[in-house]
Amino acid sequence: MCTVCGCSEGDVAIEKTVGEDTQSSSPHKHHHSHHDEKPHDHGYDIHFGQGPAGSHVAGLSQSRMVQIEQDILGKNNQFAAANRRLFAQKSQFVLNLVSSPGSGKTSLLTATLENIASLIPTAVIEGDQQTTNDAERIRSTGVKAVQVNTGKGCHLDAHMVGHALETLKQPDYSVLFIENVGNLVCPAAFDLGEAHKVTILSITEGEDKPLKYPDMFAASDLILINKIDLLPHLNFDLDACLQCIKKVNPNADIIQVSATSGAGMDGWLDWIHQRRNALLMARKEVLTKQLEQLEYQLRSQH
């Protein structure tokens, strides 16, 4: 969360509140109390984020952390709802791509665009802390891309996406890929108005990533296990990785892919088309019901 990492609004919130919640200026002169009287054998492990806020910042009480997080996420959710309404009005299909840095997310995205951009109007919002490198890679495919540099921020938020949408001016029935900042923590909590979160996990990262970063994997509808072509060359336990994903999110779809070899790309592209078609059908049903209600009201007036 931003209240932990210190980026964006959370940084301001901490600066304003830290003096209210601590009695000492020393960052290490604080203590931790337990909410029960049972003895605890912590061994050599230190576990922050056990309280109601699920996170920890030195000098801030858990109740204050909850309040700050609710304020930040509440504001973000308002912008996300506005984005989602716009997407629905224009029947746009939006995917939020999240991963660690170096997962091959941009390579996978460019390979995806090369397959679908000629079939469906497509655009990309590219999130990074600095540079336009990835946006330029996207534009080389002929697809329009807007770079959003977050500075010290470790994720895109719905307000940033809203500004990017004003620049993109996407047509109706288009597909929008949002490539989030490389980070498996904060983006899990920030709704951008997307239809689905998609987590890309490279086999070079290790099979236990879903257990280390459970919030992200739990929030995703699809997990792409990327760079699968490297499997013969790495000490990676694929079965263990699949078990870790299912333990965190038993309902997630899982597809093994490689942007380099093309393995699994058909499955990934089919997933996009199926989910997009389902969204369009649901939108059509909503519009049909609205039209029927309007016709009924007109008849009633006569």
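Residues numbered from 1 in each chain as written. Predicted model: local features only at pLDDT ≥ 70, side-chain atom pairs only at ≥ 80, totals over all residues. Heavy atoms only, no water.

K.L.:
In this structure, what is going on with the overall build of the protein chain? I would like to understand it.
P.N.:
In terms of regular secondary structure, the protein chain is built from 10 helices and 7 strands. Put simply, the protein chain has 302 residues, and 43% of those count as buried. Residue pairs at least 24 apart in sequence account for 71% of intrachain contacts in the protein chain once pairs closer than 6 positions are excluded. Carbon together with sulfur atoms contributes 50% to the accessible area of the protein chain, which is approximately 16,300 Å² in total. (Helix = DSSP H or I, 4+ residues; strand = E, 2+ residues; numbered from the N terminus. Buried < 20%, exposed > 50% of the residue type's maximum accessible area, 1.4 Å probe, protein only. Contact = heavy atoms within 4.5 Å. Areas by Shrake-Rupley, 256 points an atom, 1.4 Å probe, with all protein chains shown as cover.)

K.L.:
Please explain the nonpolar core as it appears in this structure.
P.N.:
For soluble globular proteins, the rule of thumb is that nonpolar side chains tend to be buried together. Counting residues in each nonpolar core, the largest one holds 26 residues, and the members touching the most others are L95, F177, V198, L224 and W268. Sorting the residues of this core by element identifies strand 1 (93-99), helix 4 (105-116), strand 4 (175-179), strand 5 (196-202), strand 6 (222-226) and helix 10 (265-301) as the ones contributing at least two each. Setting aside its immediate chain neighbours within four residues, L224 contacts L108, V198, T199, I200, L201, I255, V257 and W268. F217, F236, L238 and A252 belong to the second-largest nonpolar core, a separate cluster that totals 15 residues. (Core = buried A, V, L, I, M, F, W, Y, C linked by side-chain atoms within 4.5 Å.)

K.L.:
How should I be thinking about the pattern of salt bridges in this particular structure?
P.N.:
For side chains bearing opposite charge, pairing can occur when the charged atoms are close. Considering all chains together, one arrives at 7 salt bridges under this definition. Here D253 makes a salt bridge to R275, at a shortest N to O gap of 2.6 Å. Residue D253 is found in strand 7 (residues 253-256), and its partner R275 is found in helix 10; the two are separated by 22 residues along the sequence. The partly exposed category is assigned to R275, whose relative accessible area is 24%. (Salt bridge = Lys/Arg side-chain N within 4 Å of Asp/Glu carboxyl O.)

K.L.:
Mind showing me how you'd approach the side chain of Q147 here?
P.N.:
With respect to the helices and strands, the residue Q147 is situated in strand 3 (residues 144-149). Only 3.3 Å separates the side chain of Q147 from the backbone oxygen of E126, close enough to count as a polar contact. Within the structure, the side chain of Q147 is placed 3.5 Å from the backbone nitrogen of A135, a separation counted as a polar contact. If near-sequence neighbours (up to four positions away) are discounted, Q147 is found in contact with E126, G127, D128, T131, T132, A135 and R139. (Polar contact = N/O pair within 3.5 Å; in protein donor to acceptor, adjacent residues only side chain to side chain.)

K.L.:
Help me understand helix 10 in this model?
P.N.:
In an α-helix, one full turn covers 3.6 residues, which means residues spaced three or four apart are oriented alike. The terminal C-alpha atoms of helix 10 lie 54 Å apart, and with 37 residues this matches the ideal 54 Å at 1.5 Å per residue to within 8%. Taken together, the buried positions of helix 10 are M265, W268, L269, W271, I272, R276 and R283. (Expected span 1.5 Å × (residues − 1).)

K.L.:
Which parts of the structure should I look at to understand the confidence of the model for the protein chain?
P.N.:
Close inspection of predicted coordinates is inappropriate in any region flagged by low pLDDT. Per-residue confidence for the protein chain gives a mean pLDDT of 83; residues scoring 70 or more make up 77%. For the stretch residues 8-43, pLDDT sits under 50, and the model shows 33 contacts to residues farther than four places along the chain or on other chains. (pLDDT = per-residue confidence, 0-100.)

K.L.:
Explain a nonpolar patch on the surface here, please?
P.N.:
A surface patch of nonpolar side chains, about 270 Å² in accessible area, is lined by L291, L294 and L298. With respect to the helices and strands, the residue L298 is situated in helix 10. Overall, L298 belongs to the partly exposed group, its relative accessible area being 43%. (Patch = residues over 30% accessible without salt bridge, like charges linked within 9 Å, V, L, I, M, F, W, Y side chains within 5 Å.)

K.L.:
Where do I start with the packing of aromatic side chains in this structure?
P.N.:
Here a ring pair, both rings aromatic, is described through the centre-centre distance and the interplanar angle of the planes. Enumeration according to the criterion identifies 1 aromatic pair in this entry. Judged by centre distance (6.1 Å) and plane angle (25 degrees), the rings of W268 and W271 are stacked. Taken together, the positions of W268 and W271, both in helix 10 and 3 residues apart, correspond to about one turn of that helix. Judged by relative accessible area, which is 5%, W271 ranks as buried. (Phe/Tyr/Trp six-rings, centres within 6.5 Å; stacked < 30°, edge-to-face > 60°.)

K.L.:
Explanation requested: unusual backbone geometry in the structure shown.
P.N.:
Among all residues except glycine, the phi angle is most often negative; among peptide bonds, the trans geometry is most common. A positive phi angle, near 50 degrees, is found at K169, a position not held by glycine. The topology assignment puts K169 in the loop between helix 6 (158-168) and strand 4.

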